[in-house]
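An overview of the molecular structure
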Amino acid sequence: MWALSARLRCYVLTVSAAGASAIAAAAVFTHWRVSDAVLYGFLLAFGAITVETIRRAGEPAGSHRDAHGVWELATVVLLPPFYALTAPVVVLALTQWRVRRTLAYRRVFSAAAVGLSYGAASLAFHAAWNRPGLLPSSAPMLGLWVALAMGCGALRFAVNHALVFTAVKLDDPAIALRDALGGRDSLYNDAAELCMGVLVAFAASVAAVTLIPALPCGILLQRSASHAQLVRASRTDAKTGLLSAVAWQREAAIQVTRAVRTKIQVAVAMVDIDHFKRVNDTYGHLAGDAVLAGVAAALNGGLREYDLAGRFGGEEFSLLLPDTDVDEAVRVAERLRLILSRIAIPAQAGDGEGSHITVSIGVAVLAPGLNDLTDLLAAADAALYRAKRAGRNLVRLAGAPPPEAA
């Protein structure tokens, strides 16, 4: 933890201390009952079974998708805030022990952040529904109960993501909220977890034994959450965070086909880092990975929201520029070439400052004879190698005569 930046380290310690303080304060004000402890034990047991399903399936490094909220939301609705604050601590400690060991401060921070989010939701629910443990006696009251439970689940989601995203933003200021949320599939799983959690809470309010039929549904939701994460991981390149070559080609092919059908211009650009092997040989592979990440960040920042960037392989990147004619495509490529030329190569300690990279770019635009993605890629690649042969750090357009000939 001491290797973190000062701001991030301070934030992690503050959230962790706030979580511990909230548990201590809730323990003082909790009215202890055996029935609450029994229900809490049932919910923890089902949470433990969910953890065991993760262990058997294997949790990839960096995994953050789970469906523990199916069981923990019931503690928010049916039990005092102390139980909502401590349930994530138990589950994440079990995950650390049974599934995969990671840095302890990360588990502690996660337990504190999740616990605080559930504690806030529990306080909100009990403040709005002042008859804890009692089932609604009429249809309108049942609707109100469900609405409150859904609202508190959404509050838990918002508080948890705010706490976690702040930490991620302090660690990587360039990350966007959309990336941290995990995409549409992850949000669908969160919504399904919330709905399932409300149903589990209602069943548990009738009798704890009614949770047993819900167990297979909770396990299935856990597998669905893990599947959504694996699908997302398969679409992105691990070193750059851009689309993988397969995912980029699949999405680009769809857009090119649509552009041909609707007669809209579209351009493809191939970007290649000049002398990248020399970067690895001179400064080391860690410096090379940092350059790749820097190029990816610069591409994300320099492109429009609807442009598509991917890592095509090695030091080569592919770009799809929808609704872009020849002149605009060349202007975009020249602008990106200048932006990327500002990326410095990290120097090793004692080696002084590293130099800057340059890139060569080949551009191809939809035209007669270039009417599908394969043709566009081949033409852009040929233009890229013309830029390489002409001395590198250049932009070349497919089908255009060399500047000296023009």
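Whatever comes next refers back to the structure up there.
This write-up is about the structure you can find in this document. (Residues numbered from 1 in each chain as written. Predicted model: local features only at pLDDT ≥ 70, side-chain atom pairs only at ≥ 80, totals over all residues. Heavy atoms only, no water.)

**Digging into the packing of helix α12 (residues 285-302) against helix α13 (residues 326-340)**
It is the contact of α12 with α13, at a shortest axis distance of 10 Å, that shows an interaxial angle of 140 degrees. Here α13 runs oblique to α12, going by the angle between their axes. In the packing of α12 onto α13, the handedness of the crossing is right-handed. Residues Val 295, Ala 298, Leu 299 and Gly 302 of α12 form the contact with α13, whose own contacting residues are Arg 335, Leu 336, Ile 339 and Leu 340. Classifying every residue of the contact of α12 with α13 by side-chain character gives 6 nonpolar, 1 polar and 1 charged. (Axes fitted to C-alpha atoms, helices over the stretch in contact; angles between N-to-C directions. Helix = DSSP H or I, 4+ residues; strand = E, 2+ residues; numbered from the N terminus. Parallel < 35°, antiparallel > 145°, perpendicular 65-115°, else oblique. Left-handed = near helix turned anticlockwise from the far one by under 90°. Contact = heavy atoms within 4.5 Å. Nonpolar A, V, L, I, M, F, W, Y, C, P; charged D, E, K, R; others polar.)

**So, the nonpolar core**
The tendency in soluble globular proteins is for nonpolar side chains to be buried side by side. Leu 39, Phe 125 and Val 200 are the most contacted members of the largest nonpolar core, which totals 38 residues. Elements with a minimum of two residues in this core: α2 (34-57), α3 (69-78), α4 (81-98), α5 (104-128), α6 (139-171), α8 (183-206) and α9 (215-235). The dominant element in this core, judged by the number of residues it contributes, is α3, at 7 residues. Every residue in contact with Phe 125, bar those within four places of it in the chain, is listed here: Val 76, Val 77, Trp 145, Leu 148, Ala 149 and Cys 152. Residues Val 271, Ala 329, Ile 345 and Val 359 belong to the second largest nonpolar core, which totals 34 residues. (Core = buried A, V, L, I, M, F, W, Y, C linked by side-chain atoms within 4.5 Å. Buried < 20%, exposed > 50% of the residue type's maximum accessible area, 1.4 Å probe, protein only.)

**Examining α12**
With 18 residues, α12 should cover 26 Å at 1.5 Å per step; its first-to-last C-alpha distance of 25 Å lies within 8% of that length. For α12, the set of buried residues is Ala 287, Gly 288, Val 291, Leu 292, Val 295, Ala 296, Ala 298, Leu 299 and Gly 302. Looking at the buried side of α12, the elements it contacts are β1 (266-273), α11 (276-283), β2 (308-313), β3 (316-322) and α13. (Expected span 1.5 Å × (residues − 1).)

Shape descriptors only; they carry no functional weight alone.
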